Amino acid sequence: MEAYFARMDTRFIFRKLLTTRDTGAISLSPEWWGPPDLDISLPSWLSEYIDCLAAKFDETGFAGAMNFYSCLDLNWELTTPWTGAKIMAPTKYMAGEEAMSYNYTGVLELKPRVDPWVDPRVDPIRWVGVGRES
């Protein structure tokens, strides 16, 4: 996948990933990415953020970020001691109703399984018409 990303403009990759409202899996198909010269209008603050991200990823490539996904099984194994632990630190989950992580297949069905781990005083925030999460 890194070789595929290396052939694409880094700024385009981040523009697409940070503005998509597609709730399915990210695809390597050219159809999903669309034309690389696609004009995606952005607010100035997001353009500046993407420029910063792109500059760093132009230096380092995407291998480190992608290795996270290669180690998902190991990550689960390493967190085994915390199985069933409650999140008691002040925490707030905020997601846009159109965010990939909020709408990804099966996520909403997991909510009842996650609720017991979260301090009941902490309610998630769902923004209407927004496509990102924090």
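None of the values given here were measured: they were computed from a predicted structure.

(A) Region of interest: the overall build of the chain. When helices and strands are counted, the chain shows eight helices and two strands. The order of α-helices and β-strands along the chain, N terminus first, is α-α-α-α-α-α-β-α-α-β. Looking at the chain as a whole, 21% of its 134 residues qualify as buried. For the chain, restricting intrachain contacts to residue pairs at least 6 apart in sequence, the fraction spanning at least 24 positions comes to 77%.

(B) View of the packing of aromatic side chains. What the rule picks out here adds up to seven aromatic pairs. For the ring pair W32 and W33, a centre distance of 4.9 Å and an interplane angle of 85° mean the geometry is edge-to-face. Take W33: its relative accessible area is 1%, and that puts it in the buried class. Just above the ring of W32 sits the side chain of K16; from NZ or CZ to the centre is 4.8 Å.

(C) Here's a closer look at the nonpolar core. By size, the foremost hydrophobic cluster in this structure holds 15 residues, and its most contacted members are F5, M8, I13, W33 and F62. The set of elements that each furnish at least two residues to this core consists of α1 (2–6), α2 (10–19), α3 (30–33) and α4 (44–60). Looking at which element gives the most residues to this core, the answer is α2, with five residues.

(D) Spatial organisation of the pattern of salt bridges. For the structure shown, the criterion picks out two salt bridges. Between D58 and R11 there is a salt bridge; the shortest N-O distance is 3.7 Å. Pair noted here: D58 is in helix α4 and R11 is in helix α2, with a separation of 47 residues, a long-range link. Residue classification places D58 among the partly exposed positions, given a relative accessible area of 47%. Overlapping salt bridges, with partners in common, bring together R11, D51 and D58 in one network.

About the cut-offs
- Residues numbered from 1 in each chain as written.
- Predicted model: local features only at pLDDT ≥ 70, side-chain atom pairs only at ≥ 80, totals over all residues.
- Heavy atoms only, no water.
- Helix = DSSP H or I, 4+ residues; strand = E, 2+ residues; numbered from the N terminus.
- Buried < 20%, exposed > 50% of the residue type's maximum accessible area, 1.4 Å probe, protein only.
- Contact = heavy atoms within 4.5 Å.
- Phe/Tyr/Trp six-rings, centres within 6.5 Å; stacked < 30°, edge-to-face > 60°.
- Lys NZ or Arg CZ within 6 Å of the ring centre and 35° of its normal.
- Core = buried A, V, L, I, M, F, W, Y, C linked by side-chain atoms within 4.5 Å.
- Salt bridge = Lys/Arg side-chain N within 4 Å of Asp/Glu carboxyl O.

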